[in-house]
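Coordinate inspection notes
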Amino acid sequence: MIKIITFCAMVLSLAALNIVGFLGISQILKVFLKALTSVLFVATGVAAARIEKGSLSVYKKLVLSGLVLGMIGDILLELQFISIGFFVAGLISFAAGHIFYVVAFSLKAPRLEIVNFIPMAIVMPAFFLLVFLSNLFDFQGLFPCIVFYGIVLTFMMGKALSLSQYAKKAKLFVCLTITGVTLFAISDIILLFILFMNVQPMLKNMLTLFNLLTYYIGQGLLALSLSSETLAARDS
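Fair warning: this is a prediction, and the values are worked out from it, not measured in the lab. (Residues numbered from 1 in each chain as written. Predicted model: local features only at pLDDT ≥ 70, side-chain atom pairs only at ≥ 80, totals over all residues. Heavy atoms only, no water.)

Looking now at the overall build of the chain. On a plain count of helices and strands, the chain comes out with eight helices and zero strands. Counted from the first residue to the last, the chain has its helices and strands arranged as α-α-α-α-α-α-α-α. Over its C-alpha trace the chain gives a radius of gyration of 18 Å, about what one expects of a compact globule, namely 18 Å for 236 residues. Taken over 236 residues, the chain has a buried fraction of 48%. In the chain, the proportion of contacts linking residues at least 24 apart, taken out of those at least 6 apart, comes to 77%. Surface summary for the chain: the accessible area is close to 11400 Å², and the carbon and sulfur share equals 75%. (Helix = DSSP H or I, 4+ residues; strand = E, 2+ residues; numbered from the N terminus. Rg over C-alpha atoms; globule rule 2.2 N^0.38 Å. Buried < 20%, exposed > 50% of the residue type's maximum accessible area, 1.4 Å probe, protein only. Contact = heavy atoms within 4.5 Å. Areas by Shrake-Rupley, 256 points an atom, 1.4 Å probe, with all protein chains shown as cover.)

This is the structure:
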């Protein structure tokens with residue numbers, strides 16, 4: 001019950017964040033609401049993980065660590081107006097969080113399979129074609145960092161797809177995890193256009209709306225998935 005309350009609170013905070021961001025009321029209030037929304041998806045994860053009695057599994061600890069790093073990354077990215085260093089630090093925090101997710105998913109599906117590389121094989125070539133053929137992006141010297149981040153992100157998506165082997169035993173766990181990771185990835189792709197492409201203000205506002213919705217709902221679903229994680233056959 002607590003996890004549902006914190007998830008709903010996250011959605012309400014997200015709605016407030018979108019309103020404040022769209023109206024451009026206050027940068028300080030926007031940073032506060034973003035931090036609050038992030039704290040609430042971490043709280044959802046903690047509440048969901050604690051449903052099962054006893055000590056936390058290694059899987060849950062890893063996913064919770066990924067959620068915390070995502071929260072830190074959120075705050076750092078919001079402070080990038082102070083210095084580009086905050087953006088780089090936020091990128092590192094998110095990449096580290098993805099690595100924690102990869103390790104967690106690997107506990108459930110340790111074998112390296114072709115499916116693990118399908119998202120990378122689709123997304124990365126499309127990214128390179130878009131960048132080099134359109135000439136619409138200005139990465140401000142951060143292109144190598146973006147490429148590294150993209151590789152980590154798409155591999156995380158691939159490892160999440162491996163969890164489909166547990167669909168019969170733990171359908172809810174698999175659905176929440178894969179949907180959460182997919183929404184997370186979509187939010188990062190949208191963010192690419194927001195940060196590095198010159199778009200019209202109205203379009204930028206719409207992209208920001210979809211970015212926030214997909215990111216926070218994605219993280220929230222990953223957090224909720226922890227309540228049904230033990231239904232999967234392989235555990236630590």
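Moving on, we get to the pattern of salt bridges. Throughout the structure, instances matching the rule amount to one salt bridge. A salt bridge links Arg-111 to Glu-113, with the shortest nitrogen-to-oxygen separation between them at 3.6 Å. Taking relative accessible area as the criterion, Arg-111 reaches 62% and is therefore assigned exposed. Since its relative accessible area comes to 25%, Glu-113 is described here as partly exposed. (Salt bridge = Lys/Arg side-chain N within 4 Å of Asp/Glu carboxyl O.)

What follows is about the packing of helix α4 (residues 84-108) against helix α6 (residues 143-161). At their nearest, the axes of α4 and α6 sit 9 Å apart, and the two run at 25 degrees to each other. Here α4 lies roughly parallel to α6, going by the angle between them. Here α4 runs over α6; the crossing is left-handed. Contacts between α4 and α6 involve Phe-87, Leu-91, Phe-94, Ala-95, His-98, Ile-99, Tyr-101, Val-102, Phe-105 and Ser-106 on the former and, on the latter, Cys-145, Ile-146, Phe-148, Tyr-149, Val-152, Leu-153, Phe-155, Met-156, Lys-159 and Ala-160. Across the contact of α4 with α6, the residue classes break down as 17 nonpolar, two polar and one charged. (Axes fitted to C-alpha atoms, helices over the stretch in contact; angles between N-to-C directions. Parallel < 35°, antiparallel > 145°, perpendicular 65-115°, else oblique. Left-handed = near helix turned anticlockwise from the far one by under 90°. Nonpolar A, V, L, I, M, F, W, Y, C, P; charged D, E, K, R; others polar.)

Just geometry here; none of it tells us what the structure is for.
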